[in-house]
Amino acid sequence: MQQAYGTLYEAIGGAPMIRRIVEAFYPKVKEHPLLAPLFPEDIRPVMEKQYMFLTQFFGGPPLYSDVYGHPMMRARHLKFPITPKRADAWLDCMRRALDEAGLSPELAALVLDRLSGPAHHFVNTVDEEEG
Ligand code: HEM
């Protein structure tokens, strides 16, 4: 059905917008006390993978799968302790990145809605004070 109305990828402006989102997002992740410790010092390779993944996730060309195969994103996140608070922190960094990238509030809400399911689905452990 989505194809009949175009993809989210096209709606947000394709490759240049995804690039801006990724460039705005990772500095926020690297500054976040709950997220920063999980990521490598050299964030560039992660940014490139995220650029490729979000491109296909929003309906653009399958850049990620062409190189890395089936995304299996939850499985790829299992080696990192993803708590409910970290999922919320990730989404909050993304919310601020979408704003900084210049996406309209309407499209930003759509993008966040598409990402919040996966973010919560990737939770694989409890927050420390609860566990
Ligand atoms: C829920 C909170 C999340 C946390 C804490 C988190 C954390 C991480 C970490 C630590 C890595 C590995 C970095 C490395 O290579 O060392 C990673 C990779 C990645 N994440 Fe997340 N992530 C989250 C949610 C998401 C979401 C919602 C998406 C997209 C739907 C996503 C997409 C990716 C991609 C594409 C990679 C690269 C995978 C690869 O290695 O091929 N992440 N994430």
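Everything discussed here concerns the structure shown above.
Residues numbered from 1 in each chain as written. Predicted model: local features only at pLDDT ≥ 70, side-chain atom pairs only at ≥ 80, totals over all residues. Heavy atoms only, no water.

**A word on the side chain of T7**
1) Next: Looking at the secondary structure, you find T7 in the segment before α1 (8–12).
2) Next: Among the polar contacts listed, one links the side chain of T7 to the backbone nitrogen of E10, at a separation of 3.0 Å. (Helix = DSSP H or I, 4+ residues; strand = E, 2+ residues; numbered from the N terminus. Polar contact = N/O pair within 3.5 Å; in protein donor to acceptor, adjacent residues only side chain to side chain.)

**Some remarks on the coordination of the iron atom of the ligand**
Reference values for coordination geometry: four tetrahedral donors around a metal ideally subtend 109.5 degrees, six octahedral donors ideally subtend 90 or 180 degrees.
1) Next: A lone protein donor contacts the iron atom of the ligand, and this donor is H77 (NE2), found at 2.0 Å.
2) Next: Here H77 is to be found in helix α5 (residues 73–77). (Donors = N, O, S within 2.8 Å, 3.2 Å for Na, K, Ca; no water.)

**A word on the site of the ligand**
1) Next: Around the ligand there are 19 residues in total, and K49, Q50, Y64, H77 and W90 lie nearest to it.
2) Next: Between a nitrogen atom of the ligand and a side-chain N or O atom of H77, the distance comes to 2.9 Å.
3) Next: Sorting the residues of the shell around the ligand by element identifies α3 (44–57), α5, α6 (84–100) and α7 (105–121) as the ones contributing at least two each.
4) Next: Residues of the shell around the ligand, tallied by class, amount to 15 nonpolar, 2 polar and 2 charged. (Near = heavy atom within 4 Å. Nonpolar A, V, L, I, M, F, W, Y, C, P; charged D, E, K, R; others polar.)

**Quick word on the packing of α6 against α7**
1) Next: Following both chains from N to C, one finds α6 and α7 inclined at 160°, their axes separated by 10 Å at the closest point. In terms of axis orientation, α6 runs roughly antiparallel to α7. Helix-helix and strand crossings are classified by hand; for α6 and α7 the assignment is right-handed. Each of A87, D88, W90, L91, M94, R95 and L98 in α6 lies in contact with α7, whose residues at this interface are A108, V111, L112, L115, S116, A119 and H120.
2) Next: Tallied by class, the residues present in the contact of α6 with α7 amount to 10 nonpolar, 2 polar and 2 charged. (Axes fitted to C-alpha atoms, helices over the stretch in contact; angles between N-to-C directions. Parallel < 35°, antiparallel > 145°, perpendicular 65-115°, else oblique. Left-handed = near helix turned anticlockwise from the far one by under 90°. Contact = heavy atoms within 4.5 Å.)

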